[in-house]
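The lines below spell out each chain.
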Amino acid sequence: MQGSGRWHRLAWMGAAAACVVLAGCASSRGPAPVEDRAPVSGAGAASPAASGLPTTDASGKPLPGIENLGKPGYYAVRPGDTVRRIALDTGHSWRDIVRWNNLDNPDRIEVGQVLRVVPPVAGAPLVPPPAVAGSGAGAVPPATTTPVPPPVVAGTTPPAKPAGNPPAAGGEDDLGWIWPAQGALIAGFDDAKNKGLDIAGRAGDPVLAAADGKVVYAGAGLRGYGNLIILKHNNTFLTAYAHNQALLVKEDQSVQKGQKIAEMGSSDADRVKLHFEIRRQGKPVDPSRYLPARP
C-alpha cells in the first residue's frame, strides 16, 4: 500500500509539471507584445564583458568596433537587436546609426559588435581608422579630442552660445502635443509592461502626428510593432505609432501636427488599436504627462 501511494504521488507530480509546460506554451502564442524588450540604456550599455557576449567572430577576428567597448556613446549588440530597434531605443534615426558606423548593410550586424549610438564630435572620424599593419592586437586607436571652450577672463562677459543650440528642457517639452487618435484608452503607460498608450478604434481610423516632426522610420521591420511610423520632433523627442494597417508617409518626409500619417489597424496585434509612444532621449515616458486632458 505504501508503494502504491508513492506511485500515485509521483504520477500526480508528473501531471502537474506537464500542465505547467502546456500553460507556458499556450501563453507564448499570438503577436509579440511591444513591451517584451527592455530599451537600450544608452552609453556603454550591455557590454560583452558584463553579459557574456562574444568579442571575436568565428575565425577569431575582433568584432567591429570592439575597441570602443565600454566607452560612453557606444552600444554592444545583443541577440535579437536590429539597427532600427537600436535607433528607436537611443532616440536617433536608423540612417544616422548606419552612417556613424559606416555600415554596408544595416540588416547585418553581429552579436557583440559595438556601435556608435551618439553623434560623433564635429571633425572626428565616423568610425575608427583601420589598424596599421604590424601594430599588434594591443594597439590603442587614436583618441578623439573634445574641443575645449576658451577660458572666460574675469570682468568680461562670457561669449554667447551659438545659434541653433537646443532650447532649455522646458521649451523642448512644450511641442503643443495633441492626441494621435480619438478612440478610448484601453491600456495606460507602465514602465515595466507597456511603454506607451494603447488607443482603441476601427480599422481605417485616422492616426495623426502628435506634433510637428520628420519621419525617421516607416515600415514593418521592428518585431512587435507591426506597421510602424517613428517621428523625430527635435533632439529630445521621438514618437512611435504602431499596428497600423496603412502608412501614408515616407522616411525623411516632414509632417505637421494633426496631419494624417497612417490608418489604424491590427498588424502584429490581437485587435485593432494604436500603440503610441513618446520617447525622451530614447527612453519611453508616459505620454499622458505631455498630452492635453481629454474633454
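Residues numbered from 1 in each chain as written. Predicted model: local features only at pLDDT ≥ 70, side-chain atom pairs only at ≥ 80, totals over all residues. Heavy atoms only, no water.

### A few points about the nonpolar core
- Counting residues in hydrophobic clusters, the biggest one holds 25 residues, and the most contacted among them are Trp177, Leu231, Tyr241, Ile261 and Leu274.
- Every element with two or more residues in this core is listed here: strand E4 (197-200), strand E7 (227-232), strand E8 (237-247), strand E10 (260-264) and strand E11 (273-280).
- Residues in contact with Leu231, not counting those within four places in the same chain, are Ala209, Ala211, Lys214, Val215, Val216, Phe237, Leu238, Thr239, Tyr241, Val255 and Ile261.
- Of all hydrophobic cores here, the second largest spans 23 residues; its members include Tyr75, Val77, Trp100 and Leu115. (Core = buried A, V, L, I, M, F, W, Y, C linked by side-chain atoms within 4.5 Å. Buried < 20%, exposed > 50% of the residue type's maximum accessible area, 1.4 Å probe, protein only. Helix = DSSP H or I, 4+ residues; strand = E, 2+ residues; numbered from the N terminus. Contact = heavy atoms within 4.5 Å.)

### Section: the pairing of E11
- Of all eight residues that make up E11, seven are buried, and the element is covered over most of its length.
- Pairing of E11 with strand E12 (residues 283-285) involves three bridges; the strand directions are antiparallel. Counted as the bridge partner of Arg280 is Lys283 from E12.
- Where E11 folds back on E12, the antiparallel hairpin that results is connected by two residues, among which Gln281 adopts a positive phi of roughly 55°. (Pairing = 2+ DSSP bridges.)

### Concerning the confidence of the model for the protein
- Per-chain confidence: the protein averages 76 in pLDDT, with 65% of residues scoring 70 or above.
- Low confidence marks residues 7-29, where pLDDT is under 50. Its contacts with residues over four positions away, or in another chain, come to zero contacts.
- Between residues 129-169, whose pLDDT stays under 50, and residues either more than four places distant or in other chains, the model counts 13 contacts. (pLDDT = per-residue confidence, 0-100.)

### What to know about the pattern of salt bridges
- With the rule as written, the count across this model stands at eight salt bridges.
- Here Arg202 ties to Asp205 by a salt bridge, and the two come within 4.0 Å at their closest N and O atoms.
- Given the relative accessible area of 64%, Arg202 is considered exposed.
- Among the residues examined, Asp205 registers a relative accessible area of 22% and is labelled partly exposed. (Salt bridge = Lys/Arg side-chain N within 4 Å of Asp/Glu carboxyl O.)

### Side note on the environment of Ile109
- Following the sequence through the fold, Ile109 ends up in the loop between helix H4 (94-100) and strand E2 (114-116).
- Judged by relative accessible area, which is 17%, Ile109 ranks as buried.
- For Ile109 and Arg78, which are 31 residues apart along the polypeptide, the C-alpha to C-alpha distance reads 9.8 Å.
- If we skip the residues at most four places from it in the chain, Ile109 touches Val77, Asp81, Thr82, Val83, Ile86 and Leu103.

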